[in-house]
Amino acid sequence: MSKLPVILDHDGAVDDFLSTVLLMTMDGVQPLGVVVTPADCYIGPAVSATRKILDLMGKTDVTVAESTVRGVNPFPGRFRRDCFVVDHLPILNERDAIATPLAPEPGQEFLAEAVRNAAEPVTLLVTGPLTTVAEALKIAPDIESNIEKIVWMGGALSVPGNVGKDIEPGQDGSAEWNAYWDPFAIAQIWETQIPVVLCALDITNTVPLTSDLIRQLGRQRRYPLSDLAGQCYAIAMSQDYYFWDVLATAYLAAPERYELQILETGVITQGESQGRIVLQSGGRRIKMMKRVDLDWFYSYILEQWRR
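Owing to the predicted nature of the structure, the values given are computational and were not obtained by experimental measurement.

Caption draft 1: Representation of helix H2 (residues 43–56). Taking 1.5 Å of rise per residue, 14 residues should cover 20 Å, and H2 covers 20 Å from first to last C-alpha, within 8% of that figure. In terms of burial, H2 is largely enclosed, as twelve of its 14 residues are buried. What H2 keeps buried is the set Pro45, Ala46, Val47, Ser48, Ala49, Thr50, Arg51, Lys52, Ile53, Leu54, Asp55 and Leu56. Downstream of H2 by a residue or two, Gly58 has a phi angle that is positive, lying close to 70 degrees.

Structure below.
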């Protein structure tokens, strides 16, 4: 049975790093590269931490690329700082030098070439904004036919968004941050024929990070990946935190554990609802994750990080 070719495009927050870890543990996946988009992070430490994680996991054959795209609505600085902490965790700094290669070209060019050169259609796992993928399609429109699907963590449809009025005055709170960062990129992707599987706040709101899970990771500290995951999630426990990106990533391992629904959608690109994904009769058809087997999910990530 052939492995699923996957390119990960993440944006350097705590959950993005642990999505990287989870993806690299999947026996059925062939990672073709990791792109870091400069959204919910500062790009230097986010790229560095990603490469150190791959070093820790012995995945030094996977190239990391730094995207140079920019969004419309930047993440607040206080959201983006966690990448500095992760980059300086002791478990990621036991080696004198980083062995995992850094692509010489920008991430959007790397992604375009990696998709074009792939022997079979590629799944794009995007846990940040869609901007890098959109830019790669502008650079190389021909790659659309070699993209099997996009699994994207982003958006909020029937639940409130997380772009609060206290942070972004003038917005109505209906948008999710990955969508709000660049709603025009969503509109561009929605114009393609690429299948989209959406992991929106509608489902991630049902899968919280809990103190009990961190305690279970603590009991697995003898395993380096559990130790890393526990340290990373401890950073996040001062706020409500959910398995946004890790939930999207786990879909690749066991899609049968998720219930999907087909929706017709559109995206609002301007005004107080900028970045909101809406139900729209006759709009872009997507598959949205509706439910997940929670017992399976929590058990699965603990098992995968028991190494």
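Now that the structure is up, let's keep going.
Caption draft 2: Seen up close, the pairing of strand E9 (residues 284–292). Strand direction decides the pairing type here: strand E6 (residues 196–199) and E9, joined by two bridges, are parallel. Note on E9: the bridge partner recorded for Leu198 is Met288. Note: strand E7 (residues 258–267) against E9, eight bridges, orientation antiparallel. Directly across from Glu259, in E9, lies its bridge partner Arg291.

Caption draft 3: Expanded view of the side chain of Gln171. The topology assignment puts Gln171 in the loop between strand E5 (147–153) and helix H7 (177–181). Among residues more than four places away in sequence, those in contact with Gln171 are Lys165, Tyr180, Gly271, Glu272, Ser273 and Gln274.

Caption draft 4: Expanded view of the sheet that holds strand E4 (residues 122–126). On the basis of which strands lie adjacent, the open sheet formed by nine strands has the order E3-E2-E1-E4-E5-E6-E9-E7-E8 and mixed pairing. Since the sheet does not close on itself, it has two edges, and those belong to strand E3 (64–66) and strand E8 (277–279), each with one partner. When the angles between neighbouring strand axes are averaged without regard to direction, this sheet yields 30 degrees. When E5 meets E6, the two strands line up parallel, connected through four bridges. Counted as the bridge partner of Met153 is Cys199 from E6.

Caption draft 5: Expanded view of the packing of aromatic side chains. Tallied over the entire structure, the rule returns 17 aromatic pairs. When the ring of Tyr251 is compared with that of Tyr258, the centres are 5.3 Å apart and the planes differ by 80 degrees; the resulting orientation is edge-to-face. Relative accessible area serves as the criterion here: at 9%, Tyr251 is assigned to the buried category. Look at Tyr258 and you get buried, because its relative accessible area is 7%. Clustering of aromatic rings is evident, with ring pairs tying together Tyr233, Tyr241, Tyr242, Phe243, Trp244, Tyr251, Tyr258, Trp296, Phe297, Tyr298, Tyr300 and Trp305. The ring of Tyr42 carries the charged tip of Arg80 above its face, separated from the ring centre by 4.0 Å. In this structure, Arg284 is placed above the aromatic ring of Trp190, and the distance from its NZ or CZ to the ring centre is 5.8 Å.

Caption draft 6: Just the environment of Val115, in detail. One can find Val115 in helix H5 (residues 107–117). Distance in space between the C-alpha atoms of Val115 and Ile147 is 7.1 Å, their sequence separation being 32 residues. When sequence neighbours within four positions are dropped, the list of residues in contact with Val115 reads Ile7, Val122, Leu124, Ile143, Asn146 and Ile147.

Definitions and limits used
- Residues numbered from 1 in each chain as written.
- Predicted model: local features only at pLDDT ≥ 70, side-chain atom pairs only at ≥ 80, totals over all residues.
- Heavy atoms only, no water.
- Helix = DSSP H or I, 4+ residues; strand = E, 2+ residues; numbered from the N terminus.
- Expected span 1.5 Å × (residues − 1).
- Buried < 20%, exposed > 50% of the residue type's maximum accessible area, 1.4 Å probe, protein only.
- Pairing = 2+ DSSP bridges.
- Contact = heavy atoms within 4.5 Å.
- Axes fitted to C-alpha atoms, helices over the stretch in contact; angles between N-to-C directions.
- Phe/Tyr/Trp six-rings, centres within 6.5 Å; stacked < 30°, edge-to-face > 60°.
- Lys NZ or Arg CZ within 6 Å of the ring centre and 35° of its normal.

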